[in-house]
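These are the residues of each chain, in order.
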Amino acid sequence: MSALERHVESWSQPENVTDNVAKPQKFHVPLSSARDVTQDLPPEVAALEKFLQQTGGNRGGWDEYDHGTFLKYRNRFKGKLGFVKELSSFLSTRSEQEIRDHEVWYQEYVLLNDVKKEAIQKWREKKDIEKDDIVAKAGKSNLETKAKSEEEEARRKALLQKEKEQQRVLVDRWKIEKKLLKAEEEEKQLRLELEMHKKEELARQKKMELKRKVDEYRVAREKEEEEMRFEEIVQSHAEQELRNRHALILIAKYRERDLEAVKQKKEFEERERKRIEQEKTERIERLKSMVVVNVERDPKRLLQPTELWKERKKCSDPSGSGRLLHMPRRAVPTWRQGMS
């Protein structure tokens, strides 16, 4: 009986989920002895023991790391089902359906554990009442035993009150640690989000700066190309103007040379013409000086035939045959004149 009470007392201690995850059970109770123990226990405690045996222990068949990660994400989301999708992306070995099934198992486990605690508390109060009855019956026969029993009862109540106070302190401490852990996690998450935001902002600023530099380089390049095109146009116009001026100078020179040549040609032709006329005049004068014709003026000779016509008449034949003085010919083109 005392061994059974100690076993129940160990169940009544506040369970820490993290300890259950971090420290797996190192002993195995044979099935036959477990059945014997649960026969004397409340049905709520037996139901929890049976549930744990059927579902794989305090972690529901999961290993230490997966169950610990499950509890961390569940506490972060305060038990909301929104953590299932995020946890499935973090735990590659567990699917969303397995996580949902584990959540159902954990809710049932928490419910049975709470029912177990209440049953143990009721069982303990019942045992206390039974002890009180036994002590009361024994005190009727002996006042001294009654006083001792009362003193023992007071001491037991004081001890029980002290244990309850210690248990409350432990629970309060666990709640405070849980809140601190949650606050630390939230602060860590906030720091991560701030760092990520800073990195994104820095990357965005770098991207904007790079884009600004590229735009400035592009504008400068376009401006430089525009200036180069303008300089080429100006240079081309200047070269064209220089060529035009040079051409005008050459044209003026060629025109002046042509005019000079034409002038020289005209002067040469004029000299040749004067020379030919002079030679002709001189030749006529020489011929005139060589032949002197003295002809008397006789108006009657105007209508008389000349000596040449008389000679022709002598040589003419009545039949029309005679010396041919003129034969008609076809006209010769100008470009064939002088060709044999």
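Residues numbered from 1 in each chain as written. Predicted model: local features only at pLDDT ≥ 70, side-chain atom pairs only at ≥ 80, totals over all residues. Heavy atoms only, no water.

### As for the overall build of the chain
The number of helices and strands found in the chain is nine helices and zero strands. Reading the helices (α) and strands (β) of the chain from amino to carboxyl end gives α-α-α-α-α-α-α-α-α. By residue count, 14% of the 340 residues in the chain fall in the buried class. In the chain, 70% of the contacts between residues at least 6 apart in sequence involve partners at least 24 apart. Carbon and sulfur atoms make up 56% of the accessible area of the chain, which totals about 29,500 Å². (Helix = DSSP H or I, 4+ residues; strand = E, 2+ residues; numbered from the N terminus. Buried < 20%, exposed > 50% of the residue type's maximum accessible area, 1.4 Å probe, protein only. Contact = heavy atoms within 4.5 Å. Areas by Shrake-Rupley, 256 points an atom, 1.4 Å probe, with all protein chains shown as cover.)

### Some points on the nonpolar core
Ranked by size, the top nonpolar core spans 16 residues in total, and within it Phe-51, Phe-70, Phe-83, Leu-87, Ile-99, Tyr-106 and Tyr-109 carry the most contacts. Looking at this core, the elements with two or more residues in it are α4 (43-55), α5 (64-76), α6 (83-90) and α7 (96-141). The greatest single-element share of this core, amounting to five residues, is contributed by α7. (Core = buried A, V, L, I, M, F, W, Y, C linked by side-chain atoms within 4.5 Å.)

### What about α6?
Within α6, burial applies to Phe-83, Val-84, Leu-87 and Ser-88. When α6 is viewed along its axis, its buried side chains cluster within an angular range of 130 degrees and face the same direction. Away from the buried face of α6 by more than 90 degrees, exposed residues Lys-85 and Ser-89 are located. (Arc of directions from axis to C-beta.)

### Comments concerning the side chain of Arg-94
Among the structural elements, Arg-94 can be located in the loop between α6 and α7. Of the polar contacts made by the side chain of Arg-94, one reaches the side chain of Asp-66; its length is 3.1 Å. Other than its neighbours up to four places away in sequence, Arg-94 contacts Trp-62, Asp-63, Asp-66, Ser-88 and Ile-99. (Polar contact = N/O pair within 3.5 Å; in protein donor to acceptor, adjacent residues only side chain to side chain.)

### Some remarks on a negative patch on the surface
A grouping of Glu-224, Glu-227, Glu-231 and Glu-232 is seen on the molecular surface, where their side chains present a negatively charged patch. Mapped onto the fold, Glu-231 is located in helix α8 (residues 143-290). (Patch = residues over 30% accessible without salt bridge, like charges linked within 9 Å, V, L, I, M, F, W, Y side chains within 5 Å. Salt bridge = Lys/Arg side-chain N within 4 Å of Asp/Glu carboxyl O. Lys, Arg positive; Asp, Glu negative; His and termini not counted. Charge placed at Lys NZ, Arg CZ, Asp CG, Glu CD.)

### Observations concerning the pattern of salt bridges
Taken as a whole and judged by the stated rule, the model has 27 salt bridges. Here Glu-130 makes a salt bridge to Lys-127, at a shortest N to O gap of 3.8 Å. With a gap of three residues between them, Glu-130 and Lys-127 both fall in helix α7, about one helical turn apart. For Glu-130, a relative accessible area of 34% translates into the label partly exposed. The shortest N-O distance in the salt bridge between Arg-212 and Glu-216 comes to 2.5 Å.

### What to know about the packing of aromatic side chains
A full pass over the atoms with the stated rule returns five aromatic pairs. Seen in terms of ring centroids, Trp-62 and Phe-70 are 6.0 Å apart; in terms of plane orientation they differ by 70 degrees. Their pairing is edge-to-face. Take Trp-62 and Phe-70: they sit in the same class, and that class is buried. Between Tyr-106 and Tyr-109, the aromatic rings sit 6.3 Å apart at their centres with planes inclined by 40 degrees, giving tilted as the arrangement. A residue pair is termed a helical-turn pair when its members lie 3 or 4 positions apart in one helix, as Tyr-106 and Tyr-109 do in helix α7 at three residues. (Phe/Tyr/Trp six-rings, centres within 6.5 Å; stacked < 30°, edge-to-face > 60°.)

### Some words on α4
Its 13 residues place the ends of α4 18 Å apart at the C-alpha level, agreeing with the 18 Å of an ideal helix rising 1.5 Å per residue. Those residues of α4 that fall on the buried side of the exposure criterion are Val-45, Leu-48, Phe-51 and Leu-52. All buried residues of α4 lie within an arc of 125 degrees about the axis, which places them on one face of the element. For α4, the exposed residues set more than 90 degrees away from the buried face come down to Pro-43, Lys-50 and Gln-54. (Expected span 1.5 Å × (residues − 1).)

### Focus: the environment of Arg-212
Checked against the element boundaries, Arg-212 lands in helix α8. Judged by its relative accessible area of 37%, Arg-212 is partly exposed. A distance of 2.5 Å separates the side chain of Arg-212 from the side chain of Glu-216, its partner in a polar contact.

### Side note on the packing of α5 against α6
It is the contact of α5 with α6, at a shortest axis distance of 10 Å, that shows an interaxial angle of 145 degrees. The chirality of how α5 crosses α6 is right-handed. Contacts from Tyr-65, Thr-69, Phe-70, Tyr-73, Arg-74 and Arg-76 of α5 reach α6 at Phe-83, Glu-86, Leu-87 and Phe-90. Residue classes in the contact of α5 with α6 are distributed as six nonpolar, one polar and three charged. (Axes fitted to C-alpha atoms, helices over the stretch in contact; angles between N-to-C directions. Left-handed = near helix turned anticlockwise from the far one by under 90°. Nonpolar A, V, L, I, M, F, W, Y, C, P; charged D, E, K, R; others polar.)

### Regarding the confidence of the model for the chain
Here the chain averages 78 in pLDDT, while 79% of its residues score no lower than 70. Looking over the chain, one finds the lowest element-wise mean pLDDT in helix α2 (residues 17-22), namely 39, and the highest in α8, namely 88. Across residues 14-35 the pLDDT falls below 50, and counting only partners more than four positions away or on other chains, this stretch makes 23 contacts in the model. (pLDDT = per-residue confidence, 0-100.)

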